[in-house]
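What follows is each chain in one-letter form.
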Amino acid sequence: DPSKVYCEGTTKKTCNEASCCFKRATCEDYAGTCELPLRLKEDPSTVHCKGADEKSCNEVTCCLKLATCEGYTACGAPFRLKEDPSKVYCEGTTKKTCNEASCCFKRATCEDYAGTCELPLRLKEDPSTVHCKGADEKSCNEVTCCLKLATCEGYTACGAPFRLKEDPSKVYC
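In what follows, the accompanying structure is described. (Residues numbered from 1 in each chain as written. Predicted model: local features only at pLDDT ≥ 70, side-chain atom pairs only at ≥ 80, totals over all residues. Heavy atoms only, no water.)

Comments concerning the side chain of Arg107
Next, step 1: By the secondary structure assignment, Arg107 is in the loop between strand E4 (104–106) and strand E5 (121–123).
Next, step 2: One buried charged residue, Arg107, forms no salt bridge at all, with the nearest opposite charge on Glu100 at 10 Å.
Next, step 3: Apart from residues no more than four positions distant in its own chain, Arg107 is found in contact with Pro78, Phe79, Arg80, His131, Cys132, Lys133, Gly134 and Ala135. (Helix = DSSP H or I, 4+ residues; strand = E, 2+ residues; numbered from the N terminus. Buried < 20%, exposed > 50% of the residue type's maximum accessible area, 1.4 Å probe, protein only. Lys, Arg positive; Asp, Glu negative; His and termini not counted. Salt bridge = Lys/Arg side-chain N within 4 Å of Asp/Glu carboxyl O. Contact = heavy atoms within 4.5 Å.)

As C-alpha cells, then:
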C-alpha cells in the first residue's frame, strides 16, 4: 500500500526508489513448470512478476504457448507429417518456428522391408528410394515394395530355333 510508505523528508523531493519501490521477482525465480504445450519465455530474467517473491510468478506471466504443426505442409521427401499434428509442438510460438525436424518423420524405405517378394513378385528396383508409409520397417509391405513380374503368356516372338516354353502363364520374364 503506497499510502503507508513514508519518505525520509517532508516533501515528495525526498522520496526515491529505495524508499518507494520494491524489486519484483522475475520468471527466472518461477518455481512452477511450463508443461507442454507451454514453454518458459525467452530470457526469463527480464520478465517481471507482480510481486517481490517467486510466489507472485505464474504460468500466465512466465510461460508461452507453443505453436503446433497443424497445417504444416513443408515435409519434403522422404519425410511425412507426424501423426496428429495438432498435438506436435514447434520450437516457438509462431508457425514460422515449425520445421521438418519438429513436424515430420523420415519414412522407412523398402531397403528396410523385412518381408520377401516371392514369385511372381520381386523387390522393386533401387528399394532405397521407395518410401513406405511409416517410420519403421513394419510400415513397409508387399504392395509398396514388390513388383509383379510379367509372364510369357501371349509372347509370340520366338524365332528359329526357339519355341515358347510350356505353360507360358507360369514362366516369368
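What follows picks up the thread again.
Considering the state of the cysteines
Next, step 1: Counted under the stated rule, the structure contains nine disulfides.
Next, step 2: Here Cys34 is linked by a disulfide to Cys63, with a sulfur-sulfur distance of 2.0 Å. Its S-S torsion of about -75° marks the bond between Cys34 and Cys63 as left-handed, since a negative value means left-handed. On the criterion of sequence distance, the pair formed by Cys34 in the loop between helix H1 (17–20) and strand E1 (38–40) and Cys63 in strand E2 (residues 63–65) is long-range, its members being 29 residues apart.
Next, step 3: Paired by a disulfide, Cys117 and Cys146 hold their sulfur atoms 2.0 Å apart. Residues Cys117 and Cys146 are joined by a disulfide whose S-S torsion is about -75°; by sign, that bridge is left-handed. Placement of the pair is Cys117 in the loop between E4 and E5 and Cys146 in strand E6 (residues 146–148), with a sequence separation of 29 residues.
Next, step 4: Residue class for Cys146 comes out buried when judged on its relative accessible area of 7%.
Next, step 5: Left without a disulfide partner, Cys152 is nearest to the cysteine sulfur of Cys173, which lies 4.0 Å away.
Next, step 6: The exposure class of Cys152 is buried, given its relative accessible area of 18%. (Disulfide = S-S within 2.5 Å.)

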